[in-house]
Amino acid sequence: MLGLGADRLWADMNRLLALLFHQGVLDEQFVQLQQLQDESSPNFVCEVVTIYFHESEKLLKNLRGLLMEREFSDYKKMGIHLNQFMGSSSSIGAKRVRNVCVAFRAASEQNNRAGCLRALELLEHEYCYLKNKLHELFHIEQQRLLAAGVRYPMQN
């Protein structure tokens, strides 16, 4: 019976991943990241993504802070934050987040504050969707490992 539960959870993970690829949320870089995970580092993907989330939260806070300044004019600093966000998003395969960063950067290069505000809203939306779906994926994976009888330390 344990094997059947693990098989069902494996299928659930694959369905969720297929959905995220179909929606363009993730790209092949996420698969490459998964391929780096093995028995010696069973939580590798979760750890890398957790770091990404931590750094992304800081970048989003910085971007929002810059745009909320009454006399905002530091588009160059905004571009630096966006380049960091784009790079880290690309490295984990967060395709839609990266694409929004590209559009956001284009608005910042044109010194378009209204465009930047719209892009920030969209970036926050895409980031939250990604974060929720990857947390769901990691939760299913943890359940699958438990159902299969494999015990790895939980991530905090």
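Residues numbered from 1 in each chain as written. Predicted model: local features only at pLDDT ≥ 70, side-chain atom pairs only at ≥ 80, totals over all residues. Heavy atoms only, no water.

Naming follows an unreviewed UniProt entry, where the protein appears as Histidine-containing phosphotransfer protein of Carya illinoinensis. For the protein, the Function (unreviewed entry) comment in UniProt is given as "Functions as a two-component phosphorelay mediators between cytokinin sensor histidine kinases and response regulators (B-type ARRs). Plays an important role in propagating cytokinin signal transduction." (UniProt positions renumbered as here; feature names shortened; annotations may be inferred.)

Novice: Kindly report on the side chain of Ser108, identifying the contributing residues and their values.
Specialist: Considering the arrangement of structural elements, one finds Ser108 in helix H5 (residues 95–109). Taking the relative accessible area as the measure of exposure, Ser108 reaches 3% and is therefore buried. Among the polar contacts listed, one links the side chain of Ser108 to the backbone oxygen of Arg105, at a separation of 2.8 Å. Setting aside residues up to four positions removed in sequence, Ser108 forms contacts with Tyr75, Met78, Leu82 and Cys116. (Helix = DSSP H or I, 4+ residues; strand = E, 2+ residues; numbered from the N terminus. Buried < 20%, exposed > 50% of the residue type's maximum accessible area, 1.4 Å probe, protein only. Polar contact = N/O pair within 3.5 Å; in protein donor to acceptor, adjacent residues only side chain to side chain. Contact = heavy atoms within 4.5 Å.)

Novice: Let's hear about the UniProt feature "domain: HPt" (unreviewed entry) in the protein: which residues, and what values?
Specialist: Within the UniProt annotation, "domain: HPt" (unreviewed entry) is assigned to residues 47–127. With 86% helix and 0% strand, residues 47–127 has its two end C-alpha atoms placed 17 Å apart.

Novice: So what's going on with the packing of helix H4 (residues 75–92) against H5? Residues and values would help.
Specialist: The interhelical angle for the contact between H4 and H5, taken along N-to-C directions, is 165°, at an axis separation of 9 Å. The angle between H4 and H5 places the two elements in the roughly antiparallel class. In this structure, the crossing between H4 and H5 has a hand that is left-handed. Residue-level inspection shows Tyr75, Met78, Leu82, Asn83, Phe85, Met86, Ser89 and Ser90 of H4 in contact with H5, the latter providing Val97, Arg98, Cys101, Val102, Phe104, Arg105 and Ser108. Among the residues making up the contact of H4 with H5, the classes are represented as nine nonpolar, four polar and two charged. (Axes fitted to C-alpha atoms, helices over the stretch in contact; angles between N-to-C directions. Parallel < 35°, antiparallel > 145°, perpendicular 65-115°, else oblique. Left-handed = near helix turned anticlockwise from the far one by under 90°. Nonpolar A, V, L, I, M, F, W, Y, C, P; charged D, E, K, R; others polar.)

Novice: Please give an account of the packing of aromatic side chains that cites residues and values.
Specialist: Summed over the entire model, instances satisfying the criterion amount to five aromatic pairs. Both rings, one in Tyr52 and one in Tyr127, keep their centres 6.4 Å apart while their planes meet at 55°; by these two values the pair is tilted. Pair noted here: Tyr52 is in helix H3 (residues 44–68) and Tyr127 is in helix H6 (residues 113–147), with a separation of 75 residues, a long-range link. Following the ring pairs from residue to residue traces out a cluster consisting of Tyr52, Phe53, Phe85 and Tyr127. Positioned above the aromatic ring of Phe53, the side-chain terminus of Lys131 is 5.7 Å from the ring centre. (Phe/Tyr/Trp six-rings, centres within 6.5 Å; stacked < 30°, edge-to-face > 60°. Lys NZ or Arg CZ within 6 Å of the ring centre and 35° of its normal.)

Novice: I'd love a proper account of the pattern of salt bridges, names of residues and values included.
Specialist: Within the structure shown, the criterion is met by eight salt bridges. A salt bridge links Asp12 to Arg8; the nearest nitrogen and oxygen atoms lie 3.4 Å apart. In this pair, Asp12 and Arg8 are both assigned in helix H1 (residues 2–22), four residues apart and thus about one turn of the helix distant. For Lys58, the salt bridge is made with Glu55, and the minimal N-O distance between the two is 3.3 Å. Of this pair, Lys58 and Glu55 both sit in helix H3, three residues apart, roughly one helical turn. Accessibility expressed as a relative area gives 41% for Lys58, which makes it partly exposed. In this structure Glu55 comes out as partly exposed when scored by relative accessible area, which is 35%. (Salt bridge = Lys/Arg side-chain N within 4 Å of Asp/Glu carboxyl O.)

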